[in-house]
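Examination of the molecular architecture
Each chain is listed here by its residues.
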Amino acid sequence: MFELLTEKFSNIVEKLKKAKRLDEKTIDEALKDIRRALLEADVNIDVVKQFLSDVKEKLVGQEVIKGLNAGETVIKLIYDELLNILGEEAPLNRSEKPPTVIMLVGLQGTGKTTTAGKLARWLKSKGYAVGVVSTDVRRPAAGKQLCTLAESIGVPCFFEENEKDAVKLTEKVIQKAKDAGLSHIILDTAGRLHIDQELMDELVQIKEKVNPAEILYVADAMQGQDAINTAEEFHNRLGLTGVILTKLDGDAKGGIALSVRKVLGVPIKFIGVGEKIEDFEPFHPDRIAQRILG
Ligand code: GDP
């Protein structure tokens, strides 16, 4: 997770530590190094530009902050700018009237089903009565995988193998979940290898039926900018409320984590950091910024 940036930034800091003053040459060199580091980490180009112009604006004409040397001053500015692009911590939305429906959307293989289980376990640990639902009518195996996961964490799973209409299935299982008095329902929707119109139409219809409090795009961090491009298409059709980043444990770059907020304009709400059900946590921008800076 973020190993590349941590290494690059630590080199930048080492270089800056040797500089006592923040003269123009020192600043220019540092900005160039930061630019290279962010681009190598696969951060979106517009986000990189914004990052650099903000840091530059704050640096130029700035005295070394009292008590800090040049290196520490720049690091403080980088930290602040990382927080700026990562955005504020964003808790889960809740519906005024239960159940709160959380729709997970995304392509196949990104970790959607695993994430539905992880999120259910997390909500259960907070004391909520949570259930999971699969609306994937084409791949019954996906529904079974979800129900096996749900069983292992002790939450109810609703799935009807014989119902082949995703919207009808959703209506039925939501009613069942309501009858069961659940506070939260997680909808694991069908994924495809690529976006197709049918998938999008189905998701739009499900959204209209269930009025979800959250539509979270599940993105595989290792897919970098591709994942953001796909997320944008989902966002245009569905109006995402946030992103869950999976497989951050296997992603040394982290570019997507730094790009989502500025590019899509929605927050990252949770991160998946391993294959195990407990490898999941809310997204804390301050911890991520600290981690990146080593
Ligand atoms: P789906 O097709 O989107 O529902 O994907 P699955 O939930 O079946 O997950 C696909 C693969 O990704 C599985 O092997 C999961 O164990 C793995 N996976 C999911 N989340 C994570 C994660 O945060 N880290 C790692 N390393 N693997 C993950």
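Just so we're clear, the structure is a prediction, and the values are computed from it rather than from any experiment.

Quick notes on the state of the cysteines
- Evaluation of the coordinates by the stated rule reveals 1 disulfide.
- Through a disulfide, cysteine 147 is tied to cysteine 157; the S-S separation comes to 2.1 Å. Disulfide cysteine 147-cysteine 157: the torsion about the S-S bond is -70°, which places it as left-handed. Here the residue cysteine 147 occupies a position in helix H6 (residues 140-153), and cysteine 157 occupies one in strand S3 (residues 157-158), the gap between them amounting to 10 residues.
- Given the relative accessible area of 23%, cysteine 157 is considered partly exposed.

Some words on the UniProt feature "domain: SRP54-type proteins GTP-binding" (unreviewed entry) in the protein
- In the numbering used here, UniProt assigns the feature "domain: SRP54-type proteins GTP-binding" (unreviewed entry) to residues 267-280.
- A distance of 16 Å separates the end C-alpha atoms of residues 267-280, which is 0% helix and 43% strand.

Describing the packing of aromatic side chains
- One pass over the structure, following the stated rule, counts 3 aromatic pairs.
- With centroids separated by 4.9 Å and ring planes inclined at 75°, the aromatic side chains of tryptophan 122 and phenylalanine 270 adopt a geometry described as edge-to-face. Of the two residues, tryptophan 122 is situated in helix H5 (residues 112-125) and phenylalanine 270 in strand S7 (residues 268-272); the sequence distance between them amounts to 148 residues.
- Ring centres of tyrosine 217 and phenylalanine 234 lie 5.1 Å apart, and the angle between their planes is 55°; this geometry places the pair in the tilted category. Linking tyrosine 217 in strand S5 (residues 214-220) with phenylalanine 234 in helix H9 (residues 224-238), this pair joins segments that are 17 residues apart in sequence. Grouping residues by exposure puts tyrosine 217 and phenylalanine 234 together as buried.
- In this structure an aromatic cluster arises from ring pairing among Trp122, Phe270 and Phe280.

Thoughts on empty space enclosed by the protein
- Scanning all chains against the criterion turns up 1 cavity of 30 Å³ or more.
- Roughly 30 Å³ of internal volume is contained in the largest cavity.
- The wall of the largest cavity is formed by Lys112, Thr113, Ser134, Asp136, Arg139, Ala142, Asp188, Thr189, Ala190 and Gly191.
- Here the residues of the lining of the largest cavity are counted per class, giving 2 nonpolar, 4 polar and 4 charged.

Some points on the site of the ligand
- Close to the ligand lie 16 residues, the nearest being Gly109, Lys112, Thr113, Thr114 and Asp249.
- A distance of 3.2 Å separates an oxygen atom of the ligand from a polar backbone atom of threonine 110.
- Here the ligand, which alone exposes 580 Å², has 78% of that area covered by the protein.
- Top contributing element to the shell around the ligand by residue count: H5, with 4 residues.
- Here the residues of the shell around the ligand sort into 2 nonpolar, 9 polar and 5 charged.

Looking at the nonpolar core
- By size, the foremost hydrophobic cluster in this structure holds 78 residues, and its most contacted members are Leu38, Val105, Tyr217, Phe234, Val243, Leu245 and Leu258.
- It is helix H4 (residues 70-86) that provides the largest number of residues to this core, a total of 8 residues.
- Ignoring anything within four residues of it in the chain, the contact list for valine 243 reads Leu216, Tyr217, Ala219, Val260, Leu264, Val266, Pro267, Ile268, Lys269 and Phe270.
- By size, the runner-up hydrophobic cluster in this structure holds 20 residues, among which are Ile102, Ala116, Leu216 and Phe280.

What about helix H8 (residues 197-210)?
- The end-to-end C-alpha separation of H8 is 20 Å, in line with the 20 Å expected for 14 residues at 1.5 Å each.
- Among the residues of H8, Leu199, Met200, Glu202, Leu203, Val204, Ile206 and Val210 are the ones counted as buried.
- Packed against the buried residues of H8 are strand S1 (100-105), helix H7 (166-179), strand S4 (184-188) and H9.
- One or two steps after H8, the chain reaches asparagine 211, where phi turns positive at roughly 45°.

Section: the sheet that holds S5
- Strand order in the open sheet formed by 8 strands is S3-S2-S4-S1-S5-S6-S7-S8, with mixed pairing between adjacent strands. Whereas interior strands pair on both sides, the edge strands pair on one side only; in this sheet they are S3 and strand S8 (280-282).
- Against the sheet, H6 engages strand S2 (130-134), S3 and S4, with an angle of about 165° to S2.
- Sheet contacts for H8: S1, S4 and S5; angle to S1, the most-contacted strand, approximately 175°.

Considering the pairing of S7
- Within S7, 5 of the 5 residues are buried, which leaves it mostly tucked inside the rest of the structure.
- Remark: the strand S6 (residues 242-246)/helix H10 (residues 255-264)/S7 crossover connection has right-handed handedness.
- Summarising the sheet, S7 and S8 pair through 3 bridges and their orientation is antiparallel. Bridge pairing links glycine 272 to phenylalanine 280 in S8.

Side note on unusual backbone geometry
- For the bond running from proline 98 to proline 99, omega is 0°, close enough to zero to count as cis.
- Its location among the elements puts proline 99 in the loop between H4 and S1.
- A positive phi angle is found at phenylalanine 2, which is not glycine, with a value near 65°.
- Locating phenylalanine 2 in the fold gives a position in the segment before helix H1 (3-18).
- In the Ramachandran plot, lysine 247 falls in the positive-phi region, its phi being about 60° despite a non-glycine side chain.
- If you trace the backbone, lysine 247 turns up in the loop between S6 and H10.
- A relative accessible area of 28% means that lysine 247 is categorised as partly exposed.

Basis of the calculations
- Residues numbered from 1 in each chain as written.
- Predicted model: local features only at pLDDT ≥ 70, side-chain atom pairs only at ≥ 80, totals over all residues.
- Heavy atoms only, no water.
- Disulfide = S-S within 2.5 Å.
- Helix = DSSP H or I, 4+ residues; strand = E, 2+ residues; numbered from the N terminus.
- Buried < 20%, exposed > 50% of the residue type's maximum accessible area, 1.4 Å probe, protein only.
- UniProt positions renumbered as here; feature names shortened; annotations may be inferred.
- Phe/Tyr/Trp six-rings, centres within 6.5 Å; stacked < 30°, edge-to-face > 60°.
- 1 Å grid on protein atoms, 1.4 Å probe; cavity = no way out; pocket = protein on both sides within 12 Å on 5 of 7 lines; lining within 4 Å.
- Points joined across faces, edges and corners; volume = space filled by probe spheres on them.
- Nonpolar A, V, L, I, M, F, W, Y, C, P; charged D, E, K, R; others polar.
- Near = heavy atom within 4 Å.
- Polar contact = N/O pair within 3.5 Å; in protein donor to acceptor, adjacent residues only side chain to side chain.
- Areas by Shrake-Rupley, 256 points an atom, 1.4 Å probe, with all protein chains shown as cover.
- Core = buried A, V, L, I, M, F, W, Y, C linked by side-chain atoms within 4.5 Å.
- Contact = heavy atoms within 4.5 Å.
- Expected span 1.5 Å × (residues − 1).
- Pairing = 2+ DSSP bridges.
- Axes fitted to C-alpha atoms, helices over the stretch in contact; angles between N-to-C directions.
- Right-handed = clockwise from strand over helix to strand, strands pointing away.

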